[in-house]
Amino acid sequence: MSAHPHHFAPLARLLHWLMAVMIIAMLFIGAGMVASVSERHEWLIHLHKPLGIAILLLVIVRLFVRFSTHQPPLPTDLPGWQALAAKASHVLLYALMLILPLLGWAMISAAGDPVMLGSSWQLPSVVPANALLFAFLRTAHGYLAYVLFLTVLLHLGAALFHGWVRRDGVLQSMLYGKDH
């Protein structure tokens, strides 16, 4: 493998697209949860919790893959501010993928509710039950979900800009494994 591949490693691409689908689903499930007080609310919560923990586990794997494989470099003619924005947005995406599930877990713990990942698997509480802490964590979780949504939109917009306008191979590096 060369020091500067033209494409991301297969596992990195698989994790990227799997997590993209999961995060988009999670954002819609979360929006549905806060917009509903019907029977659907409980059903959405039972989807949201295990999906959040799955995202948390997968982002840890993804970080390991990212630091143990070589990534394609950004185009050399990319303006400095765009290269900085790309790096900063990736750091923000990874941070949010780690922080949001942990906040959700802490929020449910602070509510005094069990964090169930099905009918019989319960995660331990990570903070003591506390109504004020619950309210703070719920607000933080909601605001950071909006930040994640906006960051995902910017990431998608940048990917399409690279693929359709610049045509510089950045989008293709995540789409294909070999020169296509």
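Residues numbered from 1 in each chain as written. Predicted model: local features only at pLDDT ≥ 70, side-chain atom pairs only at ≥ 80, totals over all residues. Heavy atoms only, no water.

**Description of the overall build of the protein**
And then number 1: Along its length, the protein carries 5 helices and 2 strands.
And then number 2: The principal-axis extents of the C-alpha atoms in the protein amount to approximately 50 × 30 × 25 Å.
And then number 3: Scored against the burial criterion, the 180 residues of the protein give a buried share of 36%.
And then number 4: Pairs at least 24 apart in sequence give 70% of the contacts found in the protein among residues at least 6 apart.
And then number 5: Counting only carbon and sulfur atoms, one obtains 72% of the accessible surface of the protein, whose full area is about 11,300 Å².
And then number 6: Each charge class in the protein can be summarised by its mean position, and for the 10 positive and 6 negative side chains these summaries are 7 Å apart. (Helix = DSSP H or I, 4+ residues; strand = E, 2+ residues; numbered from the N terminus. Buried < 20%, exposed > 50% of the residue type's maximum accessible area, 1.4 Å probe, protein only. Contact = heavy atoms within 4.5 Å. Areas by Shrake-Rupley, 256 points an atom, 1.4 Å probe, with all protein chains shown as cover. Lys, Arg positive; Asp, Glu negative; His and termini not counted. Charge placed at Lys NZ, Arg CZ, Asp CG, Glu CD.)

**Quick word on the packing of helix α3 (residues 80–110) against helix α4 (residues 131–166)**
And then number 1: Relative to each other, α3 and α4 sit at 150 degrees, their axes nearing to 8 Å. Taken together, the axes of α3 and α4 lie roughly antiparallel to each other. As α3 runs across α4, the sense of the crossing is left-handed.
And then number 2: Residue classes in the contact of α3 with α4 are distributed as 20 nonpolar, 7 polar and 2 charged. (Axes fitted to C-alpha atoms, helices over the stretch in contact; angles between N-to-C directions. Parallel < 35°, antiparallel > 145°, perpendicular 65-115°, else oblique. Left-handed = near helix turned anticlockwise from the far one by under 90°. Nonpolar A, V, L, I, M, F, W, Y, C, P; charged D, E, K, R; others polar.)

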